Amino acid sequence: MHVPRLHVPRLHVPQLPSGLAEIADVGRDHRRGGYSRHLWQAADLELRSWFVERAERLGLDVETDRNGNLWAWWGQPGTDAVVTGSHLDSVPGGGAYDGPLGVVSALEAIGRLQASGFVSTKPCAIVMFAEEEGSRFGVACLGSRLLTGAIDADQARALTDHDGVTLADAARQVGVDPAHLGIDRDALARIGLFIELHVEQGRGLIDLGQPVAVASSILAHGRWRLTVTGQGNHAGATTMGERRDPMVATARAIVGVQAAALSLPGTRATIGRIEAIPGGTNVIASSVHTWLDARAETDQETRLLVADIDARAQQAAQQNGCSATLTEESWAGAVQFHPGLRERFARALGQLPELPTGAGHDAGVLAAQVPSAMLFVRNPTGISHAPEEFAETADCAAGVDALELLLRELLSERPL
Ligand code: HGY
Ligand code: MN
Ligand code: MN
């Protein structure tokens, strides 16, 4: 894939660590606030160019793999590489740190190792995973799922975005051959260990009063599309008694989503997106699509939660003369990170705390195939997937310190 060269203007945005300041204006969403940076669209392409330019400034060799993930190699790629990195894409109206902090911190940590004259005993790479948020094609961690074979390649190729563009066509438009999308055993064989630094999406580190933590686990989570179908009609000519209004049924179903999650302690269920068809002010909708995000500590609890939500939606539809279908679009089972790595990293970093997370990550996808770990950096607002997401510069620096220390230790080990 040709990645156009980009002159990176140096912007001074005081509260952002240097690398983040450089991309502070890329993909700003002036309607929603925050950032909207989605796979292979303008902002994503600009960020890819920025990443290549930054990596090449460190003398790293950058390549795009068959799934559109970028790999910046320090040293010849080989097996047993220590890989770090994260993603640069965002949710619609997302924050500045979710994803980019991990990429910037990896660039910073390797820059420091190089500047200190450190000589690595192993290959090292920074990876930028594609479509981690699933904001364009609806499946979270799409780039790492394709890499590991966690999603069927044909199913992936057929995914469509809001405009009906398939992943295959979108790949073709940027020079990625859709026929090659899918598990990449060669790339996987190169990874000895993956460590992802990420802004914390929650309040754990605030409550602990610590800048950095090691991740312990990730909730099981998935996405479902709920479609409620009724009868489209005229808003003025149709009496209330003769309606089969899917919007009313959907509203009741959404209240049911909250009730179901509240009835199962520790579970989380969200409807953040809704589309009425045809979507006219003076039109009773013919159908309404909403998207459910459901999460829990275990796979089983998540399935139970979704079954309860489905039952409530069916009842709401029936009471309004409508029908409802709930279709699974994305699923990721609960993840326990490698206990040995967690203990080793927490110890190496002076007994850092361990924290679970409700947010999914590429490290969670890779954990099924390679030893993976995560570092979290404190977020004073505790808010994420919103413009308020934040991390103090001092805490970002503590995160880079921790990542640099771990990379120094891991890259000093005797090769396997
Ligand atoms: O949705 C998530 O948990 C992640 O931010 N992709
Ligand atoms: Mn996210
Ligand atoms: Mn993320």
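Computed from a predicted model, the values in this text were never measured in an experiment.

Student: Can you explain the overall build of the chain? Please cite residues and give values.
Tutor: Tallying secondary structure elements over the chain gives 13 helices and 15 strands in all. Taken against the 2.2 N^0.38 rule, which gives 22 Å for 416 residues, the C-alpha radius of gyration of the chain at 22 Å falls within 12% of a compact globule. The buried share among the 416 residues of the chain stands at 55%. When contacts within the chain are restricted to residue pairs at least 6 apart in sequence, long-range pairs at least 24 apart make up 76% of them.

Student: How would you summarise the coordination of the manganese ion (ligand 3) if you had to cite specific residues and measurements?
Tutor: Around the manganese ion (ligand 3), the protein contributes the donor atoms His87 (NE2), Asp98 (OD) and His198 (NE2), at 2.1 to 2.2 Å from the metal centre. In primary-sequence terms, the residues that donate to the manganese ion (ligand 3) follow H-x10-D-x99-H. Here the manganese ion (ligand 3) and the manganese ion (ligand 2) are spaced 3.5 Å apart, linked through Asp98, which binds each one. Of this pair, His87 sits in strand β3 (residues 81-87) while His198 sits in strand β5 (residues 191-199), placing them 111 residues apart in sequence. His87 gets classed as buried once you look at its relative accessible area, which sits at 0%. Assessed through its relative accessible area of 1%, His198 is described here as buried.

Student: Break down the side chain of His289 for me, with residues and values.
Tutor: For His289, the location among the structural elements is in strand β11 (residues 287-296). Judged by its relative accessible area of 19%, His289 falls in the buried class. Side chain to side chain, His289 and Thr227 meet in a polar contact 2.8 Å long. With near-sequence residues (within four places) excluded, His289 lies in contact with Arg225, Leu226, Thr227, Arg273, Ile274, Glu275 and Ile277.

Student: Run through the nonpolar core, naming residues and quoting values.
Tutor: Counting residues in each nonpolar core, the largest one holds 57 residues, and the members touching the most others are Phe51, Tyr97, Phe345, Leu375 and Leu407. Tallying contributions element by element places helix α3 (residues 100-115) first for this core, with eight residues. Core analysis: the second largest hydrophobic core is formed by 24 residues, Val127, Phe129, Ala213 and Val370 among them.

Cut-offs applied
- Residues numbered from 1 in each chain as written.
- Chains lettered and ligands numbered in written order.
- Predicted model: local features only at pLDDT ≥ 70, side-chain atom pairs only at ≥ 80, totals over all residues.
- Heavy atoms only, no water.
- Helix = DSSP H or I, 4+ residues; strand = E, 2+ residues; numbered from the N terminus.
- Rg over C-alpha atoms; globule rule 2.2 N^0.38 Å.
- Buried < 20%, exposed > 50% of the residue type's maximum accessible area, 1.4 Å probe, protein only.
- Contact = heavy atoms within 4.5 Å.
- Donors = N, O, S within 2.8 Å, 3.2 Å for Na, K, Ca; no water.
- Polar contact = N/O pair within 3.5 Å; in protein donor to acceptor, adjacent residues only side chain to side chain.
- Core = buried A, V, L, I, M, F, W, Y, C linked by side-chain atoms within 4.5 Å.

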